[in-house]
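# Topology and contacts: notes
Chain by chain, the residues run as shown.
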Amino acid sequence: MKSKSFDIYNFYCAGEAAQTQGNISYLGLIEVTLPRMGKVKIEIGLEYLNRPKNKDFINTGLLTILLNDNVLEEHSSIAKDICSLLSFALNGHVEYRELKVNGSWYKPSGMMSHGGWREIVISRFGENIRHFIESCWELYRQEKDRRRLFETIRLLIQINETKDFIEQKIALTSVLLENLKHTYASQNKNYKREKHKFYCKPKTKDDNPLSFKELLTDMVNEVNMPDDFNFNLSKITRDRNNIIHQGLLGSSYDDMRKQYEDMVSFIRVYLLSLFNFKGHYYSFDEPNIVKSMGVEPFYLKDR
């Protein structure tokens, strides 16, 4: 197998089991199997926290990519996608860096500190991280370019981390909804696109373009959203239309906060459904309640 290691930053998680290698004690090791590609090892250790720190990222472990000999893809491409999924799972920017041939460090642009707030996966159990990546990996890779998933996840996390006014957060989240709708419609062979609008095929001259809500409804119907996740597409559409077309919501802070949480919850659960995730997760609007997708309910107190 072809192996390459990267420093991993802002990855705050327990491993599946504590390990000792020589004189080095690890907080844990997470080993992930990538179908038909190889394996990923994430070693999480206290000694990494003693390395020099940059103001916007902290070295928390070692990410090793082991690829089968027949895999032609670059290790750094795999590392980028692994960190994108970890960022989504932990609701914070997880990054990597590698040593170039000329000895200089490569640092991905736009690094941010880890948010550590309202994570999706119960990160204190390392097996949850392993299962999350293994469950989501293939469909994330399949959809990442046409649905612009790397950019979507980064913006989603950045919106959560910023201290902007709630109106700004709702506006940026509305942009994310617009992006998800647009990338879905652009790839749908049942639609015809004319002048930035989408129509059902076959289009006649009297047809009206599909509305935002109609496209969003079709988008949701193509994935298996969990039955117990309550969302109101009419309300989400109305909130989006108000901020996009009128510029201001005019609601109380509590109302706007609820609108923001509903929109983010919808996006997060939609992405989990798009990845065909099966497991337990936290919803953004109910961060202390463990919910389930495709598995039996799980009660944290029983662990």
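The structure reproduced in this document is the subject of the present report.

### As for the overall build of the protein
Of the regular secondary structure elements, the protein holds seven helices and 11 strands. Each of the 303 residues in the protein was classed as buried or not, and the buried ones make up 48%. Taking all contacts inside the protein whose residues are at least 6 apart in sequence as the whole, residues at least 24 apart take part in 62%. When the accessible surface of the protein is summed, it comes to about 15600 Å², and 48% of that surface belongs to carbon and sulfur atoms.

### Thoughts on the nonpolar core
Core analysis: the biggest nonpolar cluster contains 77 residues, and Phe-11, Leu-63, Phe-132 and Phe-266 have the highest contact counts within it. The dominant element in this core, judged by the number of residues it contributes, is helix H7 (residues 253–274), at 11 residues. In contact with Phe-11, not counting residues within four places along its chain, are Ile-30, Ile-42, Ile-44, Thr-60, Leu-86, Leu-90, Val-94 and Ile-129.

### Things to note about the packing of helix H4 (residues 166–187) against helix H6 (residues 233–246)
With their axes 9 Å apart at the nearest point, H4 and H6 run at an angle of 115° to one another. Regarding the angle of H4 to H6, the classification is roughly perpendicular. For H4 against H6, the interelement crossing comes out left-handed. On H6, the residues touching Glu-167, Ile-170, Ala-171, Ser-174, Leu-177 and Glu-178 of H4 are Ile-236, Arg-240, Ile-243 and Ile-244. Tallied by class, the residues present in the contact of H4 with H6 amount to six nonpolar, one polar and three charged.

### Some remarks on the pairing of strand S9 (residues 197–200)
Bridging between strand S8 (residues 191–194) and S9 involves four bridges; their strand directions are antiparallel. From the neighbouring strand, Tyr-191 faces S9, where its bridge partner is Cys-200. Hairpin remark: S8 followed by S9, antiparallel, with two residues in the connecting loop; positive phi at Lys-195, about 50°.

### Quick notes on the environment of Asp-69
Inspection of the secondary structure assignment puts Asp-69 in the loop between strand S5 (59–67) and helix H1 (75–90). You can call Asp-69 exposed: its relative accessible area is 57%. With 68 residues separating them along the chain, Asp-69 and Met-1 place their C-alpha atoms 5.4 Å apart.

### A word on the side chain of Arg-118
Take Arg-118: it is sitting in the loop between strand S7 (105–106) and helix H2 (126–143). A distance of 3.1 Å separates polar atoms of two side chains, one belonging to Arg-118 and the other to Glu-261. In this structure the side chain of Arg-118 is engaged in a polar contact, spanning 2.7 Å, whose partner is the backbone oxygen of Phe-284.

Calculation rules
Residues numbered from 1 in each chain as written. Predicted model: local features only at pLDDT ≥ 70, side-chain atom pairs only at ≥ 80, totals over all residues. Heavy atoms only, no water. Helix = DSSP H or I, 4+ residues; strand = E, 2+ residues; numbered from the N terminus. Buried < 20%, exposed > 50% of the residue type's maximum accessible area, 1.4 Å probe, protein only. Contact = heavy atoms within 4.5 Å. Areas by Shrake-Rupley, 256 points an atom, 1.4 Å probe, with all protein chains shown as cover. Core = buried A, V, L, I, M, F, W, Y, C linked by side-chain atoms within 4.5 Å. Axes fitted to C-alpha atoms, helices over the stretch in contact; angles between N-to-C directions. Parallel < 35°, antiparallel > 145°, perpendicular 65-115°, else oblique. Left-handed = near helix turned anticlockwise from the far one by under 90°. Nonpolar A, V, L, I, M, F, W, Y, C, P; charged D, E, K, R; others polar. Pairing = 2+ DSSP bridges. Polar contact = N/O pair within 3.5 Å; in protein donor to acceptor, adjacent residues only side chain to side chain.

Take it as geometry only, folks, not as evidence of what the structure does.
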